[in-house]
Amino acid sequence: AAATPGFKFIKPEIAPGAPSATSLRLLGFRETAGFAIALFGARHAPLGPGFARRAGSALIAVGAIVAAAGVYEAINASGWNQFVVQTIHYPQYEEVVLNTPLVNPSNITIYGTVGGGQIVRIGSVFVDTLVLSWWLVLPFAVAFERVVRRTATPPVCVATILIGAALLLTQTRSSILAAVIVAVLALQPAAGRRRHWRTQVALILAGLALLAIPTAFATHLANRVAATGTAADNSSAGHLSGLSAGVNALAAHPL
């Protein structure tokens, strides 16, 4: 609290035009630096030798539950919408607690457009496609690493496939690419990966591809990827313009 006046004094010099509300700045700090600080603390905390495996197991279990909810949403979007809106009253929570009423309180389904047609993009318990897609990368990475090391139990193998399916159903290209990068990194030589593991993992990846390719066409993901960079893809154009604006802002105000 004592540092607040000074902080407010130097803000304009660091980034003119940046949000002045302290609450917005704290939110930005939490989203960009909070996780890094938490992970740094966890890296140096005396958590014990079995903590990482227990935490990984918990993450995979929660990831499977979240993914299962997303798959159900893809299969029965109206049923999921009814559950979120009428059973747990999520719109009321948004309005009363978060003070951010939804645009359409009676329908939380997230839609996208591919080739002029409307598609459903799952949000699961996050009710947000982008948040869900990037969060799913974490349990997918942990589960896939266990598959690579041949320590995965049958439930973990099922969870890996379920999480991968949910990632595809979000139709978020960037997070799907992140999952592919995770798989590539998992194929690199490392301690704990047994002999002939490359062949075994290649077979697993081939099996996942046999499931992923038909799913991509059935959910119009293939069409969405094919439209990347074209005039019909407003999403990519928005991302590129945002990136360009961010780079220009950093160049103008390096601090």
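Rules behind the numbers
- Residues numbered from 1 in each chain as written.
- Predicted model: local features only at pLDDT ≥ 70, side-chain atom pairs only at ≥ 80, totals over all residues.
- Heavy atoms only, no water.
- Patch = residues over 30% accessible without salt bridge, like charges linked within 9 Å, V, L, I, M, F, W, Y side chains within 5 Å.
- Areas by Shrake-Rupley, 256 points an atom, 1.4 Å probe, with all protein chains shown as cover.
- Salt bridge = Lys/Arg side-chain N within 4 Å of Asp/Glu carboxyl O.
- Helix = DSSP H or I, 4+ residues; strand = E, 2+ residues; numbered from the N terminus.
- Buried < 20%, exposed > 50% of the residue type's maximum accessible area, 1.4 Å probe, protein only.
- Lys, Arg positive; Asp, Glu negative; His and termini not counted.
- Polar contact = N/O pair within 3.5 Å; in protein donor to acceptor, adjacent residues only side chain to side chain.
- Phe/Tyr/Trp six-rings, centres within 6.5 Å; stacked < 30°, edge-to-face > 60°.
- Axes fitted to C-alpha atoms, helices over the stretch in contact; angles between N-to-C directions.
- Parallel < 35°, antiparallel > 145°, perpendicular 65-115°, else oblique.
- Left-handed = near helix turned anticlockwise from the far one by under 90°.
- Contact = heavy atoms within 4.5 Å.
- Nonpolar A, V, L, I, M, F, W, Y, C, P; charged D, E, K, R; others polar.
- Core = buried A, V, L, I, M, F, W, Y, C linked by side-chain atoms within 4.5 Å.

Colleague: Would you mind going over a nonpolar patch on the surface in detail, with residue names and values included?
Modeller: On the surface, a nonpolar cluster with roughly 450 Å² of combined accessible area is contributed by Leu177, Val180, Ile181, Val184 and Leu185. When you line up the elements, Leu177 lands in helix H8 (residues 173-186).

Colleague: Can you break down the side chain of Glu73 residue by residue, with the values?
Modeller: Along the polypeptide, Glu73 turns up in helix H3 (residues 51-75). Arg121 is the oppositely charged side chain nearest to the buried, salt-bridge-free Glu73, at an N-O distance of 10 Å. Polar side-chain contacts of Glu73 include one of 3.0 Å to the backbone nitrogen of Gly123.

Colleague: Which residues make up unusual backbone geometry, and what values go with them?
Modeller: The backbone of Asn99 sits at a positive phi, close to 55°, despite the residue not being glycine. Tracing the chain through its elements places Asn99 in the loop between helix H5 (90-96) and strand S1 (110-114). The phi angle at Val127 is positive, at roughly 50°, despite the residue not being glycine. Turning to its location among the elements, Val127 is positioned in the loop between strand S2 (117-121) and helix H6 (129-148). With relative accessibility at 18%, the residue Val127 sits in the buried group.

Colleague: Tell me about the packing of aromatic side chains, and name the residues and values.
Modeller: Scanning the model with the defined rule gives 4 aromatic pairs in all. Note on Phe140 and Phe144: the rings are 5.7 Å apart at their centroids and 20° apart in plane angle, and the pair reads as stacked. On the criterion of helical spacing, the pair formed by Phe140 and Phe144 is a turn pair, its members being 4 residues apart in helix H6. When its relative accessible area of 0% is taken as the criterion, Phe144 is described as buried.

Colleague: I'd love a proper account of the packing of helix H7 (residues 154-170) against H8, names of residues and values included.
Modeller: Orientation of H7 relative to H8, taken along the N-to-C sense of each, is 150°, at an axis distance of 8 Å. Between H7 and H8, the interaxial angle falls into the category roughly antiparallel. You can see that H7 and H8 cross each other, and the crossing is left-handed. Listed contacts from H8 to Leu167, Leu168 and Thr170 of H7 are Ser175, Ile176 and Ala179. Within the contact of H7 with H8, the residues separate by chemical class into 4 nonpolar, 2 polar and no charged.

Colleague: Requested: an account of the nonpolar core, with residues and values cited.
Modeller: General note: in soluble globular proteins, nonpolar side chains tend to be found buried as a group. Formed by 19 residues in total, the largest nonpolar core has its most connected members in Leu136, Phe140, Phe144 and Leu167. When near neighbours in sequence (up to four residues on either side) are disregarded, Leu136 contacts Gly63, Val66, Ala67, Ile163, Ala166 and Leu167. Judged by nonpolar contacts, the second largest core, of 7 residues, contains Ala69, Val85, Tyr90 and Ile108.

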